[in-house]
Every structure is written in structure tokens, then in C-alpha cells.
Amino acid sequence: GTVGVALFVATAIEAVFLVYLDKIRSRISDNWLLKIAGLSFVLKSVLFLAAGNVMTIYAIQLLQATSYTFLSPIQMYYANNKISPADMVKGQAFITASYTLGCAMGNFTGGQLLEFFGVSAILLAGIVIAAMGTLVILLTAVHMLRASGAVELLSTLLAPAFRFFGIPPETAMLVLIRPISGSA
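Residues numbered from 1 in each chain as written. Predicted model: local features only at pLDDT ≥ 70, side-chain atom pairs only at ≥ 80, totals over all residues. Heavy atoms only, no water.

### As for the pattern of salt bridges
Applying the stated rule across the entire model yields two salt bridges. Asp30 is the partner of Arg25 in a salt bridge, and the nearest nitrogen-oxygen pair spans 2.8 Å. On the basis of relative accessibility, which here comes to 25%, the residue Arg25 falls in the partly exposed class. We note a salt bridge from Asp87 to Lys90, for which the minimum N-O separation is 3.7 Å. Since its relative accessible area comes to 32%, Asp87 is described here as partly exposed. (Salt bridge = Lys/Arg side-chain N within 4 Å of Asp/Glu carboxyl O. Buried < 20%, exposed > 50% of the residue type's maximum accessible area, 1.4 Å probe, protein only.)

### Section: the environment of Leu113
Of note, Leu113 is situated in helix 6 (residues 88-117). Not counting chain neighbours up to four residues away, the residues in contact with Leu113 comprise Gly118, Ala121, Ile122 and Ala125. (Helix = DSSP H or I, 4+ residues; strand = E, 2+ residues; numbered from the N terminus. Contact = heavy atoms within 4.5 Å.)

### Regarding the side chain of Gln75
With respect to the helices and strands, Gln75 occurs in helix 5 (residues 68-82). For Gln75, a relative accessible area of 17% gives the class buried. Ignoring anything within four residues of it in the chain, the contact list for Gln75 reads Leu34, Phe70, Ile95 and Tyr99.

### Observations concerning helix 8 (residues 150-164)
The end-to-end C-alpha separation of helix 8 is 22 Å, in line with the 21 Å expected for 15 residues at 1.5 Å each. Of all the bends found along helix 8, the most pronounced is centred on Leu158 and spans about 50°, while Pro160, a proline, follows it within four residues. Taken residue by residue, helix 8 has Val151, Ser155, Ala159 and Phe162 as its buried positions. One or two steps after helix 8, the chain reaches Gly166, where phi turns positive at roughly 80°. (Expected span 1.5 Å × (residues − 1). Bend = angle between axes of the 7 residues up to and from the residue.)

### Looking at the packing of helix 5 against helix 6
Where helix 5 meets helix 6, the axes come as close as 8 Å, and the angle between the chain directions of the two elements is 150°. On the basis of the axis angle, helix 5 is roughly antiparallel to helix 6. The interaxial crossing formed by helix 5 with helix 6 has right-handed handedness. From helix 5, Tyr68, Leu71, Ser72, Gln75, Met76, Ala79 and Asn80 reach across to helix 6, where they touch Met88, Gln92, Ile95, Thr96 and Tyr99. For the contact of helix 5 with helix 6, the residue count by class is seven nonpolar, five polar and no charged. (Axes fitted to C-alpha atoms, helices over the stretch in contact; angles between N-to-C directions. Parallel < 35°, antiparallel > 145°, perpendicular 65-115°, else oblique. Left-handed = near helix turned anticlockwise from the far one by under 90°. Nonpolar A, V, L, I, M, F, W, Y, C, P; charged D, E, K, R; others polar.)

### Some remarks on the packing of aromatic side chains
Scanning the entire structure with this criterion turns up two aromatic pairs. Between Phe41 and Tyr68, the ring centres sit 4.8 Å apart and the planes meet at 90°, which makes this aromatic pair edge-to-face. Linking Phe41 in helix 3 (residues 30-50) with Tyr68 in helix 5, this pair joins segments that are 27 residues apart in sequence. On the basis of an interplanar angle of 85° and a centroid distance of 5.1 Å, the ring pair of Phe164 and Phe165 is categorised as edge-to-face. Each member of the pair Phe164 and Phe165 is classed as exposed. Lying over the aromatic face of Tyr77, Arg25 brings its terminal NZ or CZ to 3.6 Å of the ring centre. Taking NZ or CZ as reference, Lys35 lies 4.0 Å from the ring centre of Trp32, over its face. (Phe/Tyr/Trp six-rings, centres within 6.5 Å; stacked < 30°, edge-to-face > 60°. Lys NZ or Arg CZ within 6 Å of the ring centre and 35° of its normal.)

### Some thoughts on the nonpolar core
Within the largest apolar cluster, eleven residues are counted, these being Leu21, Ile24, Leu33, Leu34, Ala37, Phe41, Val42, Phe70, Leu71, Ile74 and Ala130. Of all the elements in the fold, those that place two or more residues in this core are helix 2 (21-27), helix 3 and helix 5. Broken down by element, this core gets its largest block of residues, five residues, from helix 3. In this structure, Ile24 is in contact with Phe17, Leu33 and Phe70, ignoring residues within four places of it in sequence. (Core = buried A, V, L, I, M, F, W, Y, C linked by side-chain atoms within 4.5 Å.)

Interpretation note: all reported values are geometric properties and have no functional meaning in isolation.
Laid out in C-alpha cells, this is it:
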């Protein structure tokens, strides 16, 4: 039926992108791939809510390429890069456990929302949860940029250009962080 076709489209596009994941990772950092995945989940949720027919659902499944395809393997690569070798297995176990627990809770909660409030409630909940997850990813990225000193370095390097355009160099951090965080 239609659900089977939608799942096939998602799986097929995921398989194609997984084949090229190493090439993608050589050009885009794991941090950015996680951000792209988060934004793709939000977009996918919003589009599902607005979908008017089955063909639209099939088209939306193409976002599988940048949502689950990036999230699933990249979270393990990310953990491997951020966790000491002594804690590697523990880190991957925490990722797997949190993913499994999230899926189980999502399935139960989705069933309850469907039974008591209908499909629209599930879709709205998906949008909210995807947006919250993306916000966590983006805020973590901002914190890491600040902690690494990258923002201060960029502020120092860009100070002459800021002065040239009449922008006070003291505001460089806000100019650099604001587009990512939304709040600086």
C-alpha cells in the first residue's frame, strides 16, 4: 500500500546517501551534518503536517537523505571524536540507549495522541520535538564555538573589516553568533 511505498522511497534515498557518506563527511563536518539533520527533521515534520496528498508524502520522504541518513551514523562518528577511547563503548551505548528509549517513548506517546486527539496532534508534537532537538544542537554548537575561542579569533581577524564598515569591533561576537543561536 501507500505506507509501503513511502517507506521504500525513504529507504532507497537513505541507501544512496549512505553509499556516499564518506565523501559527504570529507566535505562537511560532523557538527554541520548533525545541524543539517536537525533542521531536516523540523522541515520534514512541518511538511508532513501541510501535506495534502500521498504524492506529497512520497516527495517529503526525500528528506530522509538529510535527516535519518545523517543522524544515525554521524552520531556515532561524533561520539568517537568527542569521547576518550577509554569511554568509547560507554558513549556509544548511551547514544543507542537514548535513541531506543526515545523511540519507545515516542511510539507510546504517539499512540496516545492519535487515540485521544488525532493525526494533527501527532504531527504538531513531531514539529515541536524536532524543533527542540534542533535548538539543542544549535545551542551546543554556539557553546562549543565560544569555548574553543573560535569566536574571539574570528572577531580579532574581522575587526579591521568591521571598522571599515563602521561596525564597532566589540559587536563582532554578536554578529558572528546571532545567525546561529538566534539570541547571542
